[in-house]
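Here are the chains, one letter per residue:
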Amino acid sequence: MIVQGWINYYGRFYRSELVRFLRRINDYLVRWAMRKYKRLRRHPAKARRFLARVFRREPGLFAHWRFGVCPDGWTMGAR
């Protein structure tokens with residue numbers, strides 16, 4: 001909900017900074033996955049691949065994923 005509001009506001013006025021910020025959210029999700037799952041500890045690349053698989057299964061799970069900022073480092077679509 002909060003992230004969606006940031007996307008609405010900054011997407012209109014400061015899009016380049018918004019994409020950088022949303023990629024940072026993905027980095028926080030990688031850190032969360034590394035703490036949550038033992039098999040991902042000390043393996044940030046594995047954690048990023050894990051989130052990429054979750055994204056392919058549920059692309060609408062997070063607001064910034066719906067916006068097009070994927071956890072594998074790519075940004076989808078040119079808006």
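A quick note: this is a predicted structure, and the numbers were derived from the prediction, not measured.

Analysis parameters
- Residues numbered from 1 in each chain as written.
- Predicted model: local features only at pLDDT ≥ 70, side-chain atom pairs only at ≥ 80, totals over all residues.
- Heavy atoms only, no water.
- Salt bridge = Lys/Arg side-chain N within 4 Å of Asp/Glu carboxyl O.
- Helix = DSSP H or I, 4+ residues; strand = E, 2+ residues; numbered from the N terminus.
- Buried < 20%, exposed > 50% of the residue type's maximum accessible area, 1.4 Å probe, protein only.

**Student:** What exactly am I supposed to notice about the pattern of salt bridges here?
**Tutor:** Between side chains of opposite charge, a pair can form as their charged atoms come close. Following the criterion strictly, the structure yields 2 salt bridges and no others. A salt bridge links Glu-17 to Arg-20, with the shortest nitrogen-to-oxygen separation between them at 3.0 Å. Placement of both Glu-17 and Arg-20 in helix α2 (residues 15-36) is noted, with a separation of 3 residues, approximately one turn of the helix. Residue class for Arg-20 comes out exposed when judged on its relative accessible area of 56%. In this structure, the salt-bridge partner of Asp-27 is Arg-48, at a minimum N-O distance of 2.7 Å. One end of the pair, Asp-27, is in helix α2; the other, Arg-48, is in helix α3 (residues 44-57), and 21 residues separate them in sequence. Classification of Asp-27 by relative accessible area gives partly exposed; the value is 36%. The class of Arg-48 is partly exposed, set by a relative accessible area of 28%.

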